[in-house]
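Coordinates in review
Spelled out from the first residue to the last, the chains are:
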Amino acid sequence: MDRLKDSPRTFQNALDLWAHTGQASRMLKDSELVGSVTALEPSEKMSEMLRAKSIETKAWSGDELPFETDTFDLAVSVLGLHWTNDLPGLLQDVRRVLKPDGLFLACLFGGGTLNELRTALIESETEITGGISPRLSPLPGLQDMAGLLQRTGFALPVADIERVTVRYSHPMKLLQDLKGMGEQAAFHVRPGQDRRPLSRRILSRMSDIYRERFSDPDGKVRASFEIVWLSGWAPAANQPKPLRPGSGKFSLADAVKKAGSDPEV
């Protein structure tokens, strides 16, 4: 909401992707910046919770958006985009359902998220079994998302990163939180793919490595989260455009030389 307030615009029709239990949808609906809100949520149970809060909710598979072109002037997504199977395709679809000069504003977990847990799991499983199985979902980095906004046709794209550190009394408390959030890895198992369950021995060794490497003096362990923030606009004729390369009228090199030779500068 703070980032939305940075825009001087108001928005008549907003879309909330991966609305979860409706925190963002409710805040949008209650604000003076937004008219109506439509929520999309693949989970049937969460969709029921959204409808119970009088939030308009549509069934959704998590892939193609079930709307006509140029339907919304605002699309938001809070910590859900990492669950899509085709992120470039979904971003293109978001741009399709936005009206010209419509705003896309989102955040998702970035590649540095839970790097401590990844390290501890890889080392413990390699040490005990001689190999590793995928345990945490792959996540994009800041540069990946910045490039993806450009590739999918958004105008004036901006991507930045926010880092959050959460501390726990024990690594297993972190795993309990991830399970409660529904943020465990959900890989499709291919034929012939070996997906070993985590044994108690691996979990015990993982906890030891985690506490040895990533604990603070008070004994608590750190869990790092990277939040990648994205914003971009559906292209429109009235938007600012970058100048054509080579069209500048003044030389930057000359300006630097002049500044260096002027004692008052």
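Report follows, based on the coordinates. No experiment lies behind these values; they were computed from the predicted model shown.

**Re the packing of aromatic side chains**
- By the definition in use, this model includes five aromatic pairs.
- Here W18 and W60 contribute two aromatic rings whose centre-to-centre distance is 4.6 Å and whose plane-to-plane angle is 70°, an arrangement assigned as edge-to-face. Residue W18 is found in the loop between strand 1 (11–17) and helix 2 (23–30), and its partner W60 is found in the loop between strand 3 (56–58) and strand 4 (72–78); the two are separated by 42 residues along the sequence.
- Looking at W18, the relative accessible area reads 6%, which means it is buried.
- Each ring, one from Y210 and one from F214, has its centre 5.7 Å from the other, and the planes form 75°; the classification is edge-to-face. Take Y210 and F214: they sit in the same class, and that class is buried.

**Concerning the pairing of strand 1**
- Within strand 1, five of the seven residues are buried, which leaves the element mostly enclosed by the surrounding structure.
- Strand direction decides the pairing type here: strand 1 and strand 2 (residues 34–40), joined by six bridges, are parallel. Considered in strand 2, the bridge of N13 is made with S36.
- Since strand 1 and strand 2 lie parallel, the crossover through helix 2 that links them has a hand, and here it is right-handed.
- One ladder, built from four bridges, connects strand 1 with strand 4; its direction is parallel. Paired with L15 across the bridge in strand 4 is A75.

About the thresholds
Residues numbered from 1 in each chain as written. Predicted model: local features only at pLDDT ≥ 70, side-chain atom pairs only at ≥ 80, totals over all residues. Heavy atoms only, no water. Phe/Tyr/Trp six-rings, centres within 6.5 Å; stacked < 30°, edge-to-face > 60°. Helix = DSSP H or I, 4+ residues; strand = E, 2+ residues; numbered from the N terminus. Buried < 20%, exposed > 50% of the residue type's maximum accessible area, 1.4 Å probe, protein only. Pairing = 2+ DSSP bridges. Right-handed = clockwise from strand over helix to strand, strands pointing away.

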